[in-house]
Amino acid sequence: NAGVTQTPKFRVLKTGQSMTLLCAQDMNHEYMYWYRQDPGMGLRLIHYSVGEGTTAKGEVPDGYNVSRLKKQNFLLGLESAAPSQTSVYFCASIRLGGEQYFGPGTRLTVT
Amino acid sequence: AQSVTQLDSQVPVFEEAPVELRCNYSSSVSVYLFWYVQYPNQGLQLLLKYLSGSTLVKGINGFEAEFNKSQTSFHLRKPSVHISDTAEYFCAVSDPGYGNKLVFGAGTILRVKS
């Protein structure tokens, strides 16, 4: 099993550009999550999904959209990137019992 | 809403000394509790978890944590640290509501000195 994978690993955007981050998991997990990590703030939940075709807002959803068209994939979109969205983004999926498995992260810089 | 407080942002300690990283959470209802470790420029790795049962939980790399329901705490301990334990440690609590969401603390950087 590859576990949770994220594409790309690094990206630099200019203000106003758009991009999509891809998260894929091969563990048949129902729940998937997108977090952002900023220094001194831990991880904050952006959006999450409890199954194919469902999405819900987390703690910091503004400026992001998500889609879960297939159970194994969870996409995070930035329609118009802003410098405040410079961060490290982590995807996670969950198995029964509450343990979340994390991807390796995507480091995004918006200039 | 759930919240998690990690009481120390940085903990310096000498090699082979004991260490305790403190974590308090807000909820009084049944929760799941976790400690994750993040090495520089890497993702998060689960150290240990409390779901139910014994309040003393043992994890990987010699770490353990004690769940204290009355004090809503879940402190992480190791009796003797190594240089390789230098990393950032995150305490997290599950939100028992919809979606099994995790709420994270701000993190504690453990710096082990020789």
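Cut-offs used in this document
- For every chain, the first residue of its written sequence is number 1, and the numbers climb from 1 along that sequence.
- All chains are assigned letters beginning with A, and all ligands numbers beginning with 1, in the order in which they are written.
- Only residues with pLDDT of at least 70 are given local features in this predicted model, and only at 80 or more are side-chain atom pairs given and counted; all residues enter the totals for whole chains, interfaces and linings.
- Only heavy atoms go into the side-chain values, all of them from the structure, while hydrogens and water stay out.
- Each residue gets one of three labels from its accessible area relative to the maximum for its type: buried under 20%, exposed over 50%, partly exposed in between, using a 1.4 Å probe on protein chains only.
- Secondary structure elements are defined from DSSP: runs of H or I of at least 4 residues count as helices, runs of E of at least 2 residues count as strands, and each element is numbered from the N terminus.
- Two strands qualify as a pair provided that DSSP identifies no fewer than 2 bridges between them.
- Each residue carries a pLDDT score, the predictor's confidence in it, ranging from 0 to 100.
- Within 6.5 Å between ring centres, the rings of Phe, Tyr and Trp (the latter by its six-membered ring) count as paired, and their orientation is classed by plane angle as stacked under 30 degrees, edge-to-face over 60, tilted in between.
- In our convention, an over-ring charge means Lys NZ or Arg CZ found within 6 Å of a ring centre and within 35 degrees of that ring's normal.
- Throughout, a contact is declared for two residues whenever any of their heavy atoms are within 4.5 Å.
- Accessible area that two parts lose when put together, evaluated with a 1.4 Å probe and summed over both, is termed the buried area.
- A carboxyl oxygen of Asp or Glu within 4 Å of a side-chain nitrogen of Lys or Arg is what we treat as a salt bridge.
- Here a polar contact means two N or O atoms within 3.5 Å. Within protein one must be a hydrogen donor candidate and the other an acceptor candidate, and residues neighboring in sequence count only if both atoms are side-chain atoms.
- Only Asp, Glu, Lys and Arg are considered charged in this grouping, and only Ala, Val, Leu, Ile, Met, Phe, Trp, Tyr, Cys and Pro are considered nonpolar; every other residue, Gly among them, is considered polar.
- Counting rule for disulfides: a pair of cysteine sulfur atoms within 2.5 Å.

Q: How would you explain the pairing of strand β9 (residues 87-94) of chain A if you had to name every residue and give the values?
A: Residue and element names in this part refer to chain A. Along β9, eight of the eight residues are buried, which leaves the element largely enclosed by surrounding structure. A two-sided burial pattern is seen for β9, the buried positions comprising Ser87, Tyr89, Cys91 and Ser93 on one face and Val88, Phe90, Ala92 and Ile94 on the other. Two elements, strand β4 (residues 31-37) and β9, share seven bridges in a ladder whose sense is antiparallel. Note that in β9 the partner of Trp34 across the bridge is Cys91. In this structure, β9 lies alongside strand β11 (residues 106-110), joined through three bridges in antiparallel fashion. The residue bridging Ser87 from the neighbouring strand is Leu108, located in β11. With three bridges joining them, β9 and strand β10 (residues 100-102) adopt antiparallel strand pairing. Looking at β10, one finds that Ile94 is bridged to Gln100.

Q: Describe the confidence of the model for chain B, and please don't skip the residues or the numbers.
A: For chain B, the average pLDDT comes to 92, and 97% of its residues sit at 70 or higher. The least confident element of chain B is strand β11 (residues 102-104) of chain B, whose mean pLDDT is 90; the most confident is strand β3 (residues 19-21) of chain B, at 98.

Q: Could you give an account of the packing of aromatic side chains, with specific residues and numbers?
A: Tallied over the full model, the rule gives 13 aromatic pairs over all chains. Pairing A:Tyr35 with A:Phe102 gives two aromatic rings, centres 5.8 Å apart and planes at 40°, and the pair type is tilted. With A:Tyr35 in strand β4 and A:Phe102 in strand β10, this pair connects stretches of sequence that are 67 residues apart. In terms of burial, A:Tyr35 and A:Phe102 fall into one category: buried. Between A:Tyr35 and B:Phe104 the ring centres are 5.5 Å apart and the planes differ by 85°, which places this aromatic pair in the edge-to-face class. Separated into two different chains, A:Tyr35 in strand β4 and B:Phe104 in strand β11 make up a pair that spans both. For the pair formed by A:Tyr35 and B:Phe104, the shared burial category is buried. Members of the aromatic cluster, connected to one another through ring pairs, are A:Tyr33, A:Tyr35, A:Tyr48, A:Phe102, B:Phe34, B:Tyr36, B:Phe90 and B:Phe104. In this arrangement the basic side chain of B:Lys113 is found over the ring face of B:Phe14, its NZ or CZ atom lying 4.6 Å from the centre.

Q: So, the interface of chain A and chain B: which residues are in play, and what are the values?
A: With 22 residues of chain A in contact, the opposing surface of chain B contributes 21 residues. Summing both sides of the interface, chain A and chain B together bury roughly 1600 Å²; the carbon and sulfur share of this comes to 59%. If you look at where chain A meets chain B, you find zero salt bridges. There are five residue pairs in polar contact (both at pLDDT 80 or more) connecting chain A and chain B. Counting only elements with at least two residues in the side of chain A that touches chain B, the list comes to β4, β5 (43-49), β9 and β10 of chain A. Residue classes in the side of chain A that touches chain B are distributed as twelve nonpolar, seven polar and three charged.

Q: How would you sum up the state of the cysteines? Please name residues and give values.
A: What is meant by a disulfide is a covalent connection between two cysteines, made through their sulfur atoms. Residue and element names in this part refer to chain B. Per the stated rule, a full pass over the model turns up two disulfides over all chains. Disulfide partner of Cys23: Cys91, at an S-S distance of 2.0 Å. Handedness here is read from the sign of the S-S torsion; for Cys23 and Cys91, about -65°, the answer is left-handed. Linking Cys23 in strand β4 (residues 23-25) with Cys91 in strand β10 (residues 87-94), this pair joins segments that are 68 residues apart in sequence.

Q: Give a detailed account of the environment of B:Gln42, specifying residues and quantitative values.
A: By secondary structure assignment, the location of B:Gln42 is in the loop between β5 (33-38) and β6 (44-50). Separated by 27 residues in sequence, B:Gln42 and B:Glu15 have C-alpha atoms that sit 23 Å apart. Aside from chain neighbours lying at most four places away, what touches B:Gln42 is A:Phe90 and A:Pro104.

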